[in-house]
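Here's the letter readout for the chains.
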Amino acid sequence: MPDQGPIPVPNSTRSFWRTQLHKFDDHRSTPALPEESDIVIIGAGFAGAALAHYIYEDNASPPSVVILEAREACSGATARGHLKPDVYFNVPKYIKKYGVRAAVDVANFEASQVHAVKELVEKEKIDCEFTLTRACDATLDPALAAETEQAFTELVKSGVANLKDVHYTPQKDAERVSGVKGALGCFTFTAGHIWPYKMVMHLLQKVVEKGANLQTHTPVTHLSEEPLQDGRWLITTDRGSIKAKKLLLATNGYTARLAPQFKNHIVPVRGICSRIVVPEGRVAPFLPQTYSIRHGPGLYDYLIPRNDGSIIVGGAKPNFWSDPSHWYNVSDDSKLIEPALSHFDNLMQRTFIGWENSGAYPDKIWTGIMGFSSDFMPYVGEVPEKPGQMVLAGFSGHGMPLILLSAKGIVQMLRHGKSYEETGVPSVFRATKERLESTKNSILDGIVDAPGKSKL
């Protein structure tokens, strides 16, 4: 009998990114599932593709690799393609929680991802519309604006963080610098954006051409609780079973179904995203940066201007976040979040200077399932007490500036026997027994009367 827990639904809403499907979208390398493999990767999104890429990179004698995907390849919550590192906003909070060194390590690691993806795209000649730009965080809530400015001032004064790429504009000039109406302060820093589906599918095609076996529409229903007598793990799917020496969980929001020890530690969270366009024949006003529009603590929209003039806009949190039944522990992305839909109407007109007469409207809206970590740190590395199992999941909607180099670190452990400490992945990302034994859940903090809400 299959384990109980979140599972990908077969009829998810279709994102804009999947409007130009790759020839490997429904690919099965072999008609039947192999009976065994050196490595099995569960999940064919960015995490799974990145793991496979590094396994095969500069490897003259690669192991056998099978990639299992429940639906089509890259059909999960890779929603916005926004390479936006957190280089300042949460650093003060992380210093208080983890200490200066750990907090700064996280910020530097995220910042390095932007150029790491740029280098990957250029080296592999990936046609995914990679664009290096600036991100702009504009705050509209007075209390949050004052709190953020004070925290940033103290961070600058402390001298502990690398803030050379961060520029802060106070209220006096924030509207004109950001272009956001009512901005009470804004921060800009280096970021990037891509067509995520095209990048992931390019990586998958290349590893398949090098020998990886990709099996789409093959949901995993069960993992053996203990290794077999020969030390391998038994992975059961609805198309048969496969034995693996190494098992890599790139399952993000669906992790707890296959690995119950992650229940309440990686929680499926449903988010919503849109593509906004101007009427045919009109030219969209120039929008030079990517954006986060902060409406209040935890309430934001994100915007990525695409090179074709359309805008990817997600979040819409002010309309529904206060009711967790719409998003918390929700793994059904076949439905939209109804209260959020009106938020996208006239969003550009009411938010940005110069867009008032643009006629901009949403032409596509979709949902996706993210994997939120209860402490907002991803789980990376060996799964405690499961020899041969490794995990790369729990990105809390922030996977683009976390995944690539985390995957590289895991593969360095796999291929070269490096210790976790030698990989350069931040120590607070490590999957530890202590984290899995914690009962704290910060996801619901600030949500009044939320079920299972942390009282801390």
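All values reported here derive from a predicted model rather than from experimental measurement.

Peer 1: Tell me about the state of the cysteines, and please be specific about residues and values.
Peer 2: Cysteine pairs can be covalently joined through their sulfur atoms, and such a bond is termed a disulfide. Enumeration over the complete set of coordinates arrives at zero disulfides. C128 forms no disulfide, and the closest cysteine sulfur to it belongs to C74, at a distance of 11 Å. Classification of C128 as buried rests on a relative accessible area of 1%. In this structure C136 is a free cysteine whose sulfur lies 4.3 Å from that of C186, the closest cysteine sulfur available.

Peer 1: An account of the nonpolar core is requested, with residue identities and associated values reported.
Peer 2: Counting residues in hydrophobic clusters, the biggest one holds 69 residues, and the most contacted among them are I41, L51, I67, M199, L392 and F429. Membership of the second largest hydrophobic core comes to 36 residues, among which are C186, M348, I443 and I447.

Peer 1: Tell me about the pattern of salt bridges, and please be specific about residues and values.
Peer 2: For the coordinates displayed, the defined rule picks out 23 salt bridges. Of the charged contacts, one joins K84 and D137 as a salt bridge, the two residues approaching to 3.0 Å between their closest N and O atoms. Taken together, the positions of K84 in the loop between β3 (82-83) and α2 (91-98) and D137 in strand β4 (residues 131-139) put the pair 53 residues apart, joining distant regions of the chain. The exposure class of D137 is buried, given its relative accessible area of 2%. K118 serves as the salt-bridge partner of E122, at 2.8 Å between the closest nitrogen and oxygen. Of the two residues, E122 and K118 both sit in helix α3 (residues 100-124), four residues apart, roughly one turn of that helix. Looking at E122, the relative accessible area reads 47%, which means it is partly exposed. Under the relative-accessibility criterion, K118 is labelled partly exposed at 24%. Linked through salt bridges whose partners overlap, the residues forming this network are E129, R275, R306, D308 and D363.

Peer 1: Could you give me a rundown of α2, with the residues and numbers involved?
Peer 2: Residue pairs three or four apart in sequence face the same way in an α-helix, which turns once every 3.6 residues. Taken as a whole, α2 has its buried residues at V91, P92 and Y94. Viewed end-on, α2 has its buried residues packed into an arc of 165 degrees, placing them on one side of the element. If you follow the buried residues of α2, they end up packed against α3 and α4 (142-158). In the stretch just after α2, G99 is the one whose phi turns positive, near 100 degrees.

Peer 1: Go over the layout of surface pockets, please, and point to the residues and values.
Peer 2: Rolling a probe over the atoms, with the probe sized like a water molecule, indicates the empty space that remains. The computed volume of the second largest pocket comes to approximately 240 Å³. Taken together, 16 residues make up the lining of the second largest pocket; nearest its centre are V87, N108, A111, N162 and D165. Those elements that place two or more of their residues in the lining of the second largest pocket are α3 and β6 (185-193). In terms of residues, the lining of the second largest pocket owes the most to one element, α3, which gives six residues. The residue makeup of the lining of the second largest pocket, split by class, is 10 nonpolar, four polar and two charged.

Peer 1: Let's hear about unusual backbone geometry: which residues, and what values?
Peer 2: Even without glycine at this site, H217 takes up a positive phi of about 50 degrees. Examined against the element boundaries, H217 turns out to sit in the loop between β7 (213-215) and β8 (220-223). Overall, the relative accessible area of 32% leaves H217 in the partly exposed class. Unlike most non-glycine residues, S396 shows phi in positive territory, near 55 degrees. Looking at where S396 falls in the secondary structure, it is placed in the loop between β17 (389-393) and α9 (403-416).

Peer 1: Which residues make up the packing of α3 against α9, and what values do they have?
Peer 2: For the pair α3 and α9, the least separation of the axes is 8 Å and the interaxial angle reads 85 degrees. Our classification of the angle between α3 and α9 gives roughly perpendicular. Residues F109, S112, Q113, A116, V117 and L120 of α3 form the contact with α9, whose own contacting residues are I403, L404, L405 and S406. Among the residues forming the contact of α3 with α9, the class breakdown is seven nonpolar, three polar and no charged.

Peer 1: Summarise the side chain of T169; cite the residues concerned and give the values.
Peer 2: Note on placement: T169 falls in strand β5 (residues 167-170). According to the relative accessible area criterion, T169 is buried, its value standing at 5%.

Peer 1: Residues and numbers for the packing of α2 against α3, please.
Peer 2: Following both chains from N to C, one finds α2 and α3 inclined at 140 degrees, their axes separated by 7 Å at the closest point. By the angle between their directions, the pair α2 and α3 is classed as oblique. Crossing of α2 against α3: the hand is right-handed. Of α3, the residues touching α2 (which contributes V91, Y94, I95 and Y98) are V100, A102, A103, V106 and A107.

Peer 1: Could you give an account of the packing of aromatic side chains, with specific residues and numbers?
Peer 2: Scanning the entire structure with this criterion turns up 19 aromatic pairs. Here a set of aromatic residues connected by ring pairs shows up, and it is made of Y88, F89, F152, Y168, F187 and F189. Directly above the aromatic system of W195 lies the positively charged group of K198, at a separation of 4.0 Å from the ring centroid. Over the ring of F89 we find R294, and its NZ or CZ is 3.8 Å from the ring centre.

Peer 1: Describe in detail the pairing of β17, supporting the description with residues and values.
Peer 2: In regular strands, side chains alternate between the two faces of the sheet. With five of its five residues buried, β17 lies for the most part within the structure. Side chains Q389, V391 and A393 project from β17 onto one buried face, and the interleaved M390 and L392 project onto a second face that is buried too. Here four bridges tie strand β16 (residues 379-382) to β17, and the two strands are oriented antiparallel to one another. Bridge pairing in β17 links Y379 to A393. Between β16 and β17, which pair antiparallel and follow one another directly, the connecting turn spans six residues, one of which, E385, has a positive phi of 65 degrees.

About the cut-offs
Residues numbered from 1 in each chain as written. Predicted model: local features only at pLDDT ≥ 70, side-chain atom pairs only at ≥ 80, totals over all residues. Heavy atoms only, no water. Disulfide = S-S within 2.5 Å. Buried < 20%, exposed > 50% of the residue type's maximum accessible area, 1.4 Å probe, protein only. Core = buried A, V, L, I, M, F, W, Y, C linked by side-chain atoms within 4.5 Å. Salt bridge = Lys/Arg side-chain N within 4 Å of Asp/Glu carboxyl O. Helix = DSSP H or I, 4+ residues; strand = E, 2+ residues; numbered from the N terminus. Arc of directions from axis to C-beta. Contact = heavy atoms within 4.5 Å. 1 Å grid on protein atoms, 1.4 Å probe; cavity = no way out; pocket = protein on both sides within 12 Å on 5 of 7 lines; lining within 4 Å. Points joined across faces, edges and corners; volume = space filled by probe spheres on them. Nonpolar A, V, L, I, M, F, W, Y, C, P; charged D, E, K, R; others polar. Axes fitted to C-alpha atoms, helices over the stretch in contact; angles between N-to-C directions. Parallel < 35°, antiparallel > 145°, perpendicular 65-115°, else oblique. Left-handed = near helix turned anticlockwise from the far one by under 90°. Phe/Tyr/Trp six-rings, centres within 6.5 Å; stacked < 30°, edge-to-face > 60°. Lys NZ or Arg CZ within 6 Å of the ring centre and 35° of its normal. Pairing = 2+ DSSP bridges.

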